[in-house]
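# Commentary on secondary and tertiary structure
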Amino acid sequence: MNGWDDFGAFRKQSFFEGFLGDVPTFFKIFFVIFLLVFIFIIYKMVQNWLAYKASPLTAGYYQAVAKRSEVWGGSGDHSASTSYYVTFEDEGGNRVELQVPNSVYGYIIEGDTGELTYQGTRFKDFQRQGSRSGSRL
């Protein structure tokens, strides 16, 4: 036996060996749960994106029948955010509510008719043809 046999006692631990050995069990469980939640969120985001991309691009003649806004956040030092929605109805009476950008929301008036283009649940464009206040398509 030579003097180099005990040299392995000074071997440097890798990160994971140190993590598994020196960290209390509570923190290990918390880390694993956090990692699983993070992976689940990424999975859902990819799943939603793939469903959106697989949706056909839909275009047709629609009437804007309702508008609404939703304010969220804004407590303490945080500013509030607003989401804008417009409900469109086609000639057959089928309705679709889409979130629209605030720059478009102000230009659409309930009763406006025109060509709506959307994909899945995402608004693409609305080319207004005119306004029919109080009338149906």
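Below is a short write-up of the structure. (Residues numbered from 1 in each chain as written. Predicted model: local features only at pLDDT ≥ 70, side-chain atom pairs only at ≥ 80, totals over all residues. Heavy atoms only, no water.)

## Comments concerning the pattern of salt bridges
Counted according to the given criterion, the structure contains 3 salt bridges. Here Glu97 and Arg68 are joined by a salt bridge, their closest N and O atoms 2.8 Å apart. Of this pair, Glu97 sits in strand S3 (residues 95–100) while Arg68 sits in strand S1 (residues 57–73); the two residues are 29 residues apart in sequence, bridging distant segments of the chain. A relative accessible area of 38% means that Glu97 is categorised as partly exposed. For Arg68, a relative accessible area of 35% gives the class partly exposed. Here Asp112 makes a salt bridge to Arg128, at a shortest N to O gap of 3.3 Å. Of this pair, Asp112 sits in strand S4 (residues 112–119) while Arg128 sits in strand S5 (residues 122–131); the two residues are 16 residues apart in sequence, bridging distant segments of the chain. The class of Asp112 is buried, set by a relative accessible area of 1%. (Salt bridge = Lys/Arg side-chain N within 4 Å of Asp/Glu carboxyl O. Helix = DSSP H or I, 4+ residues; strand = E, 2+ residues; numbered from the N terminus. Buried < 20%, exposed > 50% of the residue type's maximum accessible area, 1.4 Å probe, protein only.)

## Quick look at the packing of aromatic side chains
The final tally for this structure, using the stated rule, is 5 aromatic pairs. Aromatic pair Tyr84 and Tyr105: ring centres 4.6 Å apart, planes at 40 degrees, arrangement tilted. Note that Tyr84 is positioned in strand S2 (residues 80–90) and Tyr105 in helix H3 (residues 102–105), a separation of 21 residues in sequence. Here the aromatic cluster, defined as three or more aromatic residues joined through ring pairs, consists of Phe88, Phe123 and Phe126. (Phe/Tyr/Trp six-rings, centres within 6.5 Å; stacked < 30°, edge-to-face > 60°.)

## Observations regarding the nonpolar core
Val86, Phe88, Val96, Leu98, Leu116 and Phe123 are the most contacted members of the largest nonpolar core, which totals 13 residues. Elements with a minimum of two residues in this core: S1, S2, S3, S4 and S5. Here this core takes 3 residues from S3, the largest share from any one element. (Core = buried A, V, L, I, M, F, W, Y, C linked by side-chain atoms within 4.5 Å.)

## Describing the pairing of S1
Of the strand pairs in this sheet, S1 and S4 are connected by 7 bridges, and their pairing is antiparallel. Pairing of Ala59 across the sheet is with Thr117, part of S4. As paired strands, S1 and S2 are joined by 11 bridges and run antiparallel to one another. Bridge pairing in S2 links Trp72 to Ser81. Counted along the chain from S1 to the antiparallel partner S2, the turn is 6 residues long, and its residue Gly74 has a positive phi close to 90 degrees. (Pairing = 2+ DSSP bridges.)

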